[in-house]
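# Coordinate analysis (summary)
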Amino acid sequence: MGDEGSTDAYDVDEVMATTKSPKGGSPRTAGFAAPTSGVGNYARQRWEAIKAGELGALPIILGLVVIVIIFGFADDQFLTARNFTNLLLQMAPVAALAMGIVFILLIADGEVVSIDLSVAFVAAVGGVIMTLLQRPNDPGWPWWAAILGAVLITTAIGLLHALIITKLGVPSFITTLAGFLVWSGVVLWLTTRFSTAGTIRIQDERLVDIANNFLSDGVGWVIGIAVVVGYAVSQFNTMRLRQSRGLDTKPVPVVIAQIVGIAAVTLGAVYVANSDRGVPQITITLGVFLLFWTFITTRTAFGRHIYAVGGNPEATRRAGISVDNIRIAVFAINGFMAGVGGVILASRLRSVATNTGGGNLLLNVIAAAVIGGTSLFGGSGRVVSALYGALVITAIQNGMDLLGLNSGIKFIVTGIVLLLAVMVDSVSKRRRAVRGLT
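The structure displayed is predicted, hence computed values, not measured ones. (Residues numbered from 1 in each chain as written. Predicted model: local features only at pLDDT ≥ 70, side-chain atom pairs only at ≥ 80, totals over all residues. Heavy atoms only, no water.)

### Some details on the overall build of the protein chain
Here is the rule: Labels follow the DSSP assignment, with helices taken as runs of H or I lasting at least four residues and strands as runs of E lasting at least two, numbered in each case from the N terminus. To sort residues, take the accessible area from a 1.4 Å probe on protein chains only and compare it with the maximum for the residue type: under 20% means buried, over 50% means exposed, and anything in between is partly exposed. Two residues qualify as a contact provided that any one of their heavy atoms is within 4.5 Å of a heavy atom in the partner residue. In short, Shrake-Rupley with a 1.4 Å probe defines the accessible areas, and a residue's cover is counted only from the protein chains shown.
If you tally the helices and strands in the protein chain, you get 17 helices and two strands. The proportion of buried residues among the 438 residues of the protein chain is 48%. In the protein chain, once contacts between residues fewer than 6 apart in sequence are set aside, the share between residues at least 24 apart is 78%. Only carbon and sulfur atoms are counted for the fraction: they give 66% of the accessible area of the protein chain, which is about 20,100 Å².

### Description of the nonpolar core
Spelled out, the test is: Take the buried Ala, Val, Leu, Ile, Met, Phe, Trp, Tyr and Cys residues and link them wherever side-chain atoms come within 4.5 Å; each set so joined is a nonpolar core.
In terms of nonpolar packing, the biggest core is built from 99 residues, with Met99, Met130, Trp293, Ile344, Val365 and Ile371 touching the most fellow members. In terms of residues, this core owes the most to one element, helix H4 (residues 81-106), which gives 17 residues.

### Section: helix H9 (residues 217-244)
So the rule is basically this: A helix's residues, less one, multiplied by 1.5 Å, set its expected span.
Compared with the 40 Å implied by 1.5 Å per residue over 28 residues, the 41 Å span of H9 between its first and last C-alpha is a close match. Directly after H9, the chain includes Gly246, whose backbone phi takes a positive value near 75°.

### Let's talk about the side chain of Asn398
Rules: We call two N or O atoms a polar contact when they sit within 3.5 Å, provided that within protein one can donate a hydrogen and the other can accept it, with sequence-adjacent residues counted only if both atoms are side-chain atoms.
As for its placement among the helices and strands, Asn398 is situated in helix H16 (residues 384-402). Side-chain polar atoms of Asn398 contact the side chain of Asn83, separated by 2.8 Å. Among all residues touching Asn398, those that are not within four sequence positions of it are Phe78, Asn83, Leu87 and Gln90.

### Quick word on the packing of H4 against helix H15 (residues 361-371)
Using the following cut-off: Orientation is described by lines fitted to C-alpha atoms, with helices fitted over the stretch in contact, and by angles between N-to-C directions that extend from 0 to 180 degrees. Angular relationships are summarised with four words: roughly parallel below 35 degrees, roughly antiparallel beyond 145, roughly perpendicular across 65 to 115, and oblique for the angles in between. Crossings are sorted by hand: turned counterclockwise from the far helix by less than a right angle, the near helix makes the crossing left-handed, and turned clockwise it makes it right-handed. Each residue gets one label: Ala, Val, Leu, Ile, Met, Phe, Trp, Tyr, Cys and Pro are nonpolar, Asp, Glu, Lys and Arg are charged, and the others, such as Gly, are polar.
Remark: H4 packs on H15, axes separated minimally by 8 Å, with the N-to-C direction vectors making an angle of 60°. As far as their axial angle goes, H15 and H4 are oblique. As H4 runs across H15, the sense of the crossing is right-handed. Here H4 contributes Val94, Leu97, Ala98, Ile101, Val102 and Leu105 to the contact with H15, which in turn contributes Leu361, Asn364, Val365, Ala368, Ala369 and Val370. Class assignment for the residues of the contact of H4 with H15 results in eleven nonpolar, one polar and no charged.

### Brief notes about the packing of aromatic side chains
Our working rule: In this scheme Phe, Tyr and Trp rings, the latter by its six-membered ring, pair at centre separations within 6.5 Å, and the angle between planes marks the pair as stacked below 30 degrees, edge-to-face above 60, and tilted otherwise.
For the structure shown, the criterion picks out six aromatic pairs. Pairing Phe103 with Trp293 gives two aromatic rings, centres 5.3 Å apart and planes at 75°, and the pair type is edge-to-face. Within this pair, whereas Phe103 is found in helix H4, its partner Trp293 is found in helix H11 (residues 281-299), the two being separated by 190 residues in sequence. Each of the two residues, Phe103 as well as Trp293, counts as buried. On the numbers, 4.8 Å between centres and 70° between planes, the contact of Phe292 with Trp293 is edge-to-face. A residue is classified by how much of its surface remains accessible, and Trp293, at 7% relative accessible area, is buried. An aromatic cluster of three or more residues is present, and its members are Phe103, Phe289, Phe292, Trp293 and Phe336.

### Describing the side chain of Ser322
Its location among the elements puts Ser322 in the loop between helix H13 (313-318) and helix H14 (323-349). At 3.1 Å, the side chain of Ser322 forms a polar contact with the side chain of Asn325.

### Overview of a nonpolar patch on the surface
Heads up, the rule is: Think of a patch as exposed residues, more than 30% relative accessible area, with no salt bridge, where like charges cluster within 9 Å and nonpolar side chains (Val, Leu, Ile, Met, Phe, Trp, Tyr) cluster within 5 Å. Just to be clear on terms, a salt bridge is a Lys or Arg side-chain nitrogen sitting within 4 Å of an Asp or Glu carboxyl oxygen.
Where nonpolar side chains cluster on the molecular surface, the patch consists of Leu403, Leu405, Ile409, Ile412, Ile416, Leu419, Leu420 and Met423 and spans about 690 Å² of accessible area. Residue position: Leu420 is located in helix H17 (residues 407-434).

### As for the packing of helix H5 (residues 119-133) against H14
As a packed pair, H5 and H14 sit with axes 7 Å apart at the nearest point and diverge in direction by 60°. With respect to H14, the axis of H5 lies oblique. Our pair here, H5 against H14, has a crossing hand that is right-handed. Every residue of H14 that contacts H5 at Val119, Val122, Ala123, Gly127, Met130 and Thr131 is listed here: Asn334, Ala338, Gly342, Val343 and Ala346. When the residues that make up the contact of H5 with H14 are grouped by side-chain class, the tally is seven nonpolar, four polar and no charged.

### Here's the deal with helix H3 (residues 58-74)
Rules: The directions considered for the arc are those from the helix axis to the C-beta atoms.
A rise of 1.5 Å per residue sets the reference length of H3, with its 17 residues, at 24 Å; its end C-alpha atoms lie 24 Å apart and thus fit the reference within 8%. Considered for burial, the residues of H3 that qualify are Ile60, Ile67 and Phe71. Projected onto a plane normal to the axis of H3, the buried residues spread over an arc of 30° and lie on a single side. Along H3, the residues that are exposed and aim more than 90 degrees away from the buried face are Leu62 and Phe73. In this structure, the buried side of H3 is in contact with H15 and H16.

As structure tokens, then:
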């Protein structure tokens, strides 16, 4: 192998092979049928994969069905087009922050959980910095420069946390718990220093429009159709490449059924949103981030290194990959996405205040990442988990708000949902271990 920090495709494949036992097949291909197999064989293999702990998106689908049934019957406003659009707006900052947390969870070392408890207040720092920089003539930065300044600051905070964790050996729990206190203090200090009321309004309408603007009906339909076509092309291209390499693939009828399902969900969402105010602009922005980070994690060596660190850091180190550098990069990504989430949150509220980043934001963000299917034990999860989880957790919060439940009940329900998600993750991990898949 090469020196520390140098690697190649062979190194990565070797590391991934050491983190997953071949007994029973690779979990990355669990549930796939051979090219010549039919739907029945695929269904049997998928059922065996589920029993082995490879649940995929099944818990999310079942959870959303239960949420829709409960709140749909409990309040007649929950299933309206207006509330659906509100859900898309409300989940945006949570989803952005959860994307960063997904990266943090992916590098967890077995039983040692990697976490960032400061992410909500780091986001708040980003929102406050942006708001202060855009004040007319004080200093009056352009809207794009204010955003850039905020995101650079939060990325630097992520790097600072990473250096403390990797170079000084302080656990991420302690480092980010200290960060929780420090950055909450920074938010309080900045908002009270520059405003006697403790609230600073965003005065640049372009910044307000980030999370409060909507696409026209026509543009919404074009983007919706483009998403479906892009997904279809991606699925068939993946199937073709796997077949050319002699790897397992899904049967064509299953692929077509998935495309039809995605088309129904996507175009149905566009139809419902257009019947109200239209598709929120911020939803498209999140989609771009989703595509970008998904490409990074699934199509690059760096992405494979992240999974390798979470799967088996010692084997990764022996393969010549710098584990510390991967962790530093991951915390920097988390800081960047915290800045993005802070900008979205400030834009949506049209201001920042002393309580920005407080409340149950941190709980919701971590819950979104875990509920979406990212393992607390590292090496398992996808960036799209952030969107799945954000949708679930925001739908629960939205439904409870419509019912007028008090904050205590909201915390109790959210905590129970988070505990259930972690229990499912733990049981799945044990089943995979029994089957030799971890």
